[in-house]
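Chains, contacts and geometry: an overview
Given next are the chains, with one letter for each unit.
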Amino acid sequence: MCANTLSKLSGLRTTVAPDCEILHERIRRWTNIDRKIPTATILPRSEEDCLKTVKIRVQWVLQLSIPFEPTCGGHSAWSTIGEEGIIIDMSHYADVHVEADSKTATLASGILSKQVGVRLAEAGLFTALGNGNTVGAIPYSLGGGASITSTIAGFGSDQIVSARVIITKDGGRLVEVAEKEHPDLLWALRGAGQFFGLVTQLTIRAHPFSLLRKQQGLYPPPYAGPGGMMMIVAPPPTRTPSLVIAARYTGDEYPEVLFKPLNDLHPLVTTGRDVPIQNFSDAREVLCAKGDFKQFGVVGLHDFDAEGFLQTIDTWKKLVHDCRDAINTGFHFQWDSRPIKTPDIESVTSLHGIRYWQYNLV
């Protein structure tokens with residue numbers, strides 16, 4: 001710990017909320033690459049705690065040059081702050097309240113995607129959520145938020161209805177953000193919300209389960225499924241290099257027509273089953289594990305370059321040959337068979353022209 005910073009922290013216990021937990025060794029990172037260790041981690045338990053913390057932050061940043069950074073979920077692939085500063089960990093202030101009649105859900109700062117999905121499902125609803133159970137639901141939405149339901153519901157940022165945000169203006173204050181209150185800030189929150197303050201609550205749209213099934217006349221085969229993923233992996237236990245096609249289908253008819261070209265290739269293994277939307281990411285739990293040395297990157301593409309994907313396969317094969325530990329790496333290409341749902345609101349999000357994604361897990 002930095003001695004100079006520690007001396008500045010001597011009064012922290014008396015200036016934050018009395019029941020606000022302060023930890024000096026709360027290090028939870030998705031990757032250990034370039035890991036940094038903050039001087040301290042503050043865990044507020046309420047919106048009032050958050051407000052007091054931000055007020056202190058404003059004072060300390062201006063007077064003592066001690067930066068604060070918020071975190072939720074812990075999935076960022078880089079460290080945002082080291083011993084020169086403090087982390088505000090929102091995991092102890094987490095809740096979700098579902099309004100079935102208005103088809104909305106109000107999220108508190110630290111709530112995770114899985115928790116939101118389960119609560120919505122209990123009401124027969126779903127929304128755009130992160131493809132990892134422990135991804136923070138609010139930061140996911142604020143950053144744009146692509147998901148398996150993007151063609152049906154739009155991106156995470158498209159779901160944002162209103163927010164409560166603590167801004168640093170006037171020493172730190174809480175503002176209500178909605179279409180008629182601070183509309184410019186609402187526009188910015190929908191895709192770049194991590195830059196404008198500490199979001200303590202976010203109200204988002206939800207959608208009925210009926211949208212996940214084909215409706216007569218809505219779209220004909222073979223476009224009934226929202227898309228799928230093509231993966232280059234070497235799954236355990238045999239670690240045999242494989243090409244895996246994970247096609248998603250939400251229709252009620254014609255699956256044999258949709259999947260015939262794949263079945264004609266005579267795959268080594270064919271599986272398929274109905275998966276409830278709130279359980280879709282359960283199989284990815286292993287990828288959400290904290291620690292180890294790994295990198296994850298997502299690249300948005302406007303079209304599919306078959307030659308480029310074949311080059312990716314060659315690169316992966318060489319990587320595994322040169323470094324056997326790289327057998328755990330994978331490269332995934334995801335497509336959507338229909339355009340992303342056009343939002344009925346304006347936002348700063350620039351993702352709506354993207355139909356294809358390449359995911360690189362190293």
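Predicted model, so just to flag it, every value in this text is computed and none were measured.

Quick look at helix α4 (residues 113-122) now. Those residues of α4 that fall on the buried side of the exposure criterion are Ser113, Val116, Gly117, Leu120 and Ala121. Buried residues along α4 cover an arc of 130° about the axis, so they all sit on one side. For α4, the secondary structure elements touched by its buried residues are β5 (96-99), β6 (104-108), β7 (125-126) and α5 (137-142). Note on α4: the residue one or two positions beyond its end, Gly124, has a positive phi of about 75°.

Geometrically, the link from Pro236 to Pro237 is a cis peptide bond, its omega value of 5° lying close to zero. By secondary structure assignment, the location of Pro237 is in the loop between β12 (227-233) and β13 (242-248). Positive phi is not limited to glycine here, since Asp34 has a value of about 55°. Mapped onto the secondary structure, Asp34 falls in the loop between β1 (21-23) and β2 (40-43). For Arg239, which is not a glycine, the phi torsion comes out positive at approximately 60°. Structurally, the position occupied by Arg239 is in the loop between β12 and β13. Residue class for Arg239 comes out partly exposed when judged on its relative accessible area of 28%.

Our focus in this paragraph is the sheet that holds β13. Spatially, five strands are ordered β13-β12-β15-β16-β14 in an open sheet, and the strand pairing comes out antiparallel. On the outer flanks of this sheet lie β13 and β14 (296-301), each paired with one strand and no other. Strand after strand, the sheet turns through a mean of 15° between neighbouring axes, direction not considered. The sheet contact formed by β14 and strand β16 (residues 356-361) spans six bridges and is antiparallel. Within β16, the residue paired with Val299 across the bridge is Gln358. Packed onto the sheet, helix α9 (residues 306-322) meets β12, β13, β15 (330-336) and β16 and runs at close to 30° relative to β12.

Next up on the list: the pairing of β12. Across the seven residues that make up β12, a large majority, seven, are buried. Alternating residues of β12 divide into Gly227, Met229, Met231 and Val233 and Gly228, Met230 and Ile232, and every residue in both groups is buried. Two elements, β12 and β13, share seven bridges in a ladder whose sense is antiparallel. Across the sheet, the residue bridging to Met229 is Ala246, located in β13. Pairing geometry for β12 and β15, over six bridges, is antiparallel.

Let us now look at a nonpolar patch on the surface. A cluster of nonpolar side chains, contributed by Leu243, Ile245, Leu262 and Leu265, occupies part of the molecular surface with about 370 Å² of accessible area. One can find Leu262 in helix α8 (residues 255-263).

Turning to the packing of aromatic side chains, a few remarks are in order. Inspection of the entire model under this criterion finds five aromatic pairs. When the centroid spacing of 4.4 Å and the interplanar angle of 50° are considered together, the rings of Phe304 and Phe333 count as tilted. Of this pair, Phe304 sits in the loop between β14 and α9 while Phe333 sits in strand β15, placing them 29 residues apart in sequence. The exposure class assigned to Phe333 is buried, which follows from its relative accessible area of 4%. An aromatic cluster is present here, built from Phe304, Phe309, Phe333 and Tyr356 joined pairwise through their rings.

With that settled, the discussion passes to the confidence of the model for the protein. Caution applies to low-pLDDT parts of the model: their predicted coordinates are not meant to be read in detail. When pLDDT is averaged along the protein, the result is 83; 86% of the residues meet or exceed 70. Note that residues 215-224 has pLDDT below 50 and, in this model, 18 contacts with residues that lie over four places away or in other chains.

Once that is clear, we can look at the side chain of Ser113. Along the polypeptide, Ser113 turns up in helix α4. A polar contact of 3.4 Å, which involves the side chain of Ser113, links it to the backbone nitrogen of Gly130. Ignoring any residue separated from it by four or fewer positions in sequence, one finds Ser113 in contact with Leu129, Gly130, Gly132, Asn133, Val135, Gly136 and Ala137.

Analysis parameters
- Residues numbered from 1 in each chain as written.
- Predicted model: local features only at pLDDT ≥ 70, side-chain atom pairs only at ≥ 80, totals over all residues.
- Heavy atoms only, no water.
- Buried < 20%, exposed > 50% of the residue type's maximum accessible area, 1.4 Å probe, protein only.
- Helix = DSSP H or I, 4+ residues; strand = E, 2+ residues; numbered from the N terminus.
- Arc of directions from axis to C-beta.
- Contact = heavy atoms within 4.5 Å.
- Pairing = 2+ DSSP bridges.
- Axes fitted to C-alpha atoms, helices over the stretch in contact; angles between N-to-C directions.
- Patch = residues over 30% accessible without salt bridge, like charges linked within 9 Å, V, L, I, M, F, W, Y side chains within 5 Å.
- Areas by Shrake-Rupley, 256 points an atom, 1.4 Å probe, with all protein chains shown as cover.
- Salt bridge = Lys/Arg side-chain N within 4 Å of Asp/Glu carboxyl O.
- Phe/Tyr/Trp six-rings, centres within 6.5 Å; stacked < 30°, edge-to-face > 60°.
- pLDDT = per-residue confidence, 0-100.
- Polar contact = N/O pair within 3.5 Å; in protein donor to acceptor, adjacent residues only side chain to side chain.

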